[in-house]
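For reference, the chains in residue letters:
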Amino acid sequence: MHMPTAADWSKLVDTATRVRARLASLDIGQVATRTVGGAVILTTSFLIVANPHAAATPDPSAVVAARIAPVGTVQIAGPMTAPTIR
């Protein structure tokens, strides 16, 4: 595992300072407008591509039976006893 050096911490602090300055300079109204616009675009594209109002086609009964069929069995041999120490 790599142990962070003083130079690594210095880079991290410089990056955090730049990010904080960038966030402080943002206009909250512009950020909110872009966020809502992005959400509207994503929702609209989902509704166009996914077509949630389409009728669902049921799975054939063979597929359903294969999905709920047991996978295997479990057999219990008997109680386990701890070895004795002499």
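Quick caveat, the model's predicted, so the values are computed rather than measured.

Q: Can you lay out the overall build of the protein chain for me, pointing to particular residues and giving the numbers?
A: Secondary structure assignment for the protein chain yields three helices and zero strands. Listing every helix and strand of the protein chain by position from the N terminus yields α-α-α. What you see for the protein chain is a C-alpha radius of gyration of 30 Å, clearly larger than the 12 Å of a compact globule of 86 residues, by over 25%. Dimensions of the protein chain along its principal axes, counting C-alpha atoms only, are 70 × 65 × 20 Å. Per element, the accessible surface of the protein chain, about 8500 Å² overall, is 68% carbon and sulfur. Of the charged side chains in the protein chain, 7 are positive and 4 negative; the average position of the first set lies 6 Å away from that of the second.

The rules behind each value
The residue count restarts for each chain, going from 1 along the sequence in the order it is written. pLDDT decides what is reported in this predicted model: residues at 70 or higher carry local features, side-chain atom pairs at 80 or more are listed and counted, and totals for whole chains, interfaces and linings draw on all residues regardless. Computation of side-chain values covers all heavy atoms of the structure but excludes hydrogens and water. Strands are runs of DSSP state E lasting at least two residues, helices are runs of H or I lasting at least four, and both sets are numbered from the N terminus onward. Between the two quantities, the radius of gyration covers C-alpha atoms and the globule rule is 2.2 Å times the number of residues to the power 0.38. The method behind every accessible area is Shrake-Rupley, applied with a 1.4 Å probe, and residues are considered shielded solely by the protein chains displayed. Positive charge is attributed to Lys and Arg, negative charge to Asp and Glu, and no charge count is given to His or to the chain ends. We put the charge of a Lys on NZ, of an Arg on CZ, of an Asp on CG and of a Glu on CD.

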